[in-house]
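A structural walkthrough
Below are the chains, spelled out letter by letter.
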Amino acid sequence: MQIMQKGKDMDLNEMEKRMLYQTEGSERYTVMHELMMASRYAKNPDRRRAADSLMDKMRSLTDGECMEIVHDIWRNYRLPQGGRTIGEMIAEARQRSGAEQLKGHDIMALERFDPEVRHMVVFEVISGDSFVGDKGDRMRLFLTDAGYRKFQDRQKKGEIKIEDHMKVTPDGHLLHDHSRGSDRSR
């Protein structure tokens, strides 16, 4: 597959397309982070080389150009028949659902498994001078207790609107917060 990106030719091999298809990132930084993790932890040397090659190709792109390629792959790439990995099945389900991609932390981000993390929030940035994101962004972040208190304060100041809150157990499981705290009043 050859992709023409604002005057730049980019050839992607099958393994690189499959890797981009499975990414969850909504920003260049998170896509590159996922590729770095794939390169570091892949047991298959071909997959490791593909991740390294893909990172080399993506480094010269702007955020917009990178995400244009990723979105094109998500929309148009189809996996070849045969065995599929869990990541590929999740990517297919995401593609079929048309679900909105949130900025911030991916649902399976390493931050989720940090022993200090106790909260996951999904929020909308409603202030133009917010400390995180741009006005109108919908984001997900995993937070410590102190970080969550700061987010509650930011909501009171009108910078963000917390749409969902889940508790995170020490092993990374998510539990719905059934309490009616200040983050639930809208």
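Relevant structure appears above.
Along each chain, the written sequence defines residue order, and numbers are assigned to residues from 1. Only residues with pLDDT of at least 70 are given local features in this predicted model, and only at 80 or more are side-chain atom pairs given and counted; all residues enter the totals for whole chains, interfaces and linings. Excluding hydrogens and water, the side-chain values take into account all heavy atoms of the structure.

1. Concerning the sheet that holds strand β7 (residues 174-176)
Any two strands are treated as partners once DSSP identifies two or more bridges connecting them. Secondary structure is summarised from DSSP: a helix means a run of H or I of at least four residues, a strand means a run of E of at least two, and numbering begins at the N terminus for each. On the basis of which strands lie adjacent, the open sheet formed by 5 strands has the order β3-β5-β4-β6-β7 and mixed pairing. Of all strands in the sheet, those bounded by a partner on one side alone are β3 (103-104) and β7. Bridge analysis of strand β4 (residues 119-125) against strand β5 (residues 138-143) gives 6 bridges, and the strand direction is antiparallel. Considered in β5, the bridge of F123 is made with M139.

2. Some words on the packing of aromatic side chains
A pair of Phe, Tyr and Trp rings is counted when the ring centres sit within 6.5 Å of each other, with Trp represented by its six-membered ring. The angle between the planes then sorts it: under 30 degrees is stacked, over 60 is edge-to-face, the rest tilted. A complete count under the given rule lists 2 aromatic pairs for this structure. With centroids separated by 5.5 Å and ring planes inclined at 65 degrees, the aromatic side chains of Y21 and Y77 adopt a geometry described as edge-to-face. Highlighted residues: Y21 in helix α1 (residues 14-22) and Y77 in the loop between α4 (63-76) and α5 (86-97), separated in sequence by 56 residues. The cut-offs for exposure are 20% and 50% of the maximum accessible area for each residue type, with area from a 1.4 Å probe on protein chains only; residues under the lower value are buried, those over the upper are exposed, and the others partly exposed. Overall, the relative accessible area of 1% leaves Y21 in the buried class. A ring pair is formed by F123 and F151, whose centres lie 5.0 Å apart and whose planes are at 75 degrees; its orientation type is edge-to-face. Of this pair, F123 sits in strand β4 while F151 is found in helix α6 (residues 145-156), placing the two residues 28 residues apart along the sequence. The pair F123 / F151 is uniform in exposure class, with both members buried.

3. Structural notes on the pairing of β4
Counting buried positions along β4 gives 6 out of 7 residues, so the element sits mostly inside the fold. With 7 bridges connecting them, β4 and strand β6 (residues 160-168) associate as antiparallel partners. Looking at the pairing, H119 lines up with K167 of β6.

4. So, a negative patch on the surface
The patches reported here contain residues having more than 30% relative accessible area and no salt bridge. Joining distances are 9 Å for like charges and 5 Å for nonpolar side chains (Val, Leu, Ile, Met, Phe, Trp, Tyr). Exposure was quantified through the Shrake-Rupley algorithm and a 1.4 Å probe, taking into account, for residues, occlusion by the shown protein chains and nothing else. Salt bridges are defined as contacts in which a side-chain nitrogen from Lys or Arg sits within 4 Å of a carboxyl oxygen from Asp or Glu. His is not counted here, nor are the chain ends, while Lys and Arg score as positive and Asp and Glu score as negative. The location of each charge is read from NZ of Lys, CZ of Arg, CG of Asp or CD of Glu. On the surface, a cluster of negative charge is made up of E111, D114, E116 and D145. Within the element layout of this structure, D145 appears in helix α6. On the basis of relative accessible area, D145 is assigned to the partly exposed category, the value being 37%.

5. Overview of the packing of helix α2 (residues 28-41) against helix α3 (residues 45-59)
Put simply, α2 and α3 touch, their axes get as near as 8 Å, and they point 155 degrees apart. On the basis of the axis angle, α2 is roughly antiparallel to α3. The crossing of α2 and α3 is left-handed. Contact residues: α2 offers R28, M32, L35, M36, A38 and S39, while α3 offers R48, A51, D52, L54, M55, M58 and R59. Looking at the contact of α2 with α3, its residues break down into 8 nonpolar, 1 polar and 4 charged. Only the contacting stretch of a helix is used when fitting its axis, a line to C-alpha atoms as for every element, and angles between N-to-C directions run 0 to 180 degrees. An angle below 35 degrees is read as roughly parallel, one above 145 as roughly antiparallel, one from 65 to 115 as roughly perpendicular, and any other as oblique. By convention, the crossing between two helices is left-handed when the near helix turns anticlockwise from the far helix through less than a right angle, and right-handed when the turn is clockwise. Should any heavy atoms of two residues lie within 4.5 Å, those residues are considered in contact. Ten residues, namely Ala, Val, Leu, Ile, Met, Phe, Trp, Tyr, Cys and Pro, are considered nonpolar, four, namely Asp, Glu, Lys and Arg, are considered charged, and the remaining ones, Gly among them, are considered polar.

6. Considering the nonpolar core
With 23 residues, the main nonpolar core has L12, M19, L20, L35, L54, M58 and V70 as its most contacted residues. Contributing elements (two or more residues each) for this core: α1, α2, α3 and α4. Counting residues per element, this core draws most heavily on α4, which supplies 6 residues. Among all residues touching M58, those that are not within four sequence positions of it are M10, L20, R28, M32, C66 and V70. In terms of nonpolar packing, the next biggest core, distinct from the first, is built from 11 residues, V121, F123, Y148 and I160 among them. In this description, a nonpolar core means a group of buried Ala, Val, Leu, Ile, Met, Phe, Trp, Tyr and Cys residues linked to one another through side-chain atoms lying within 4.5 Å.

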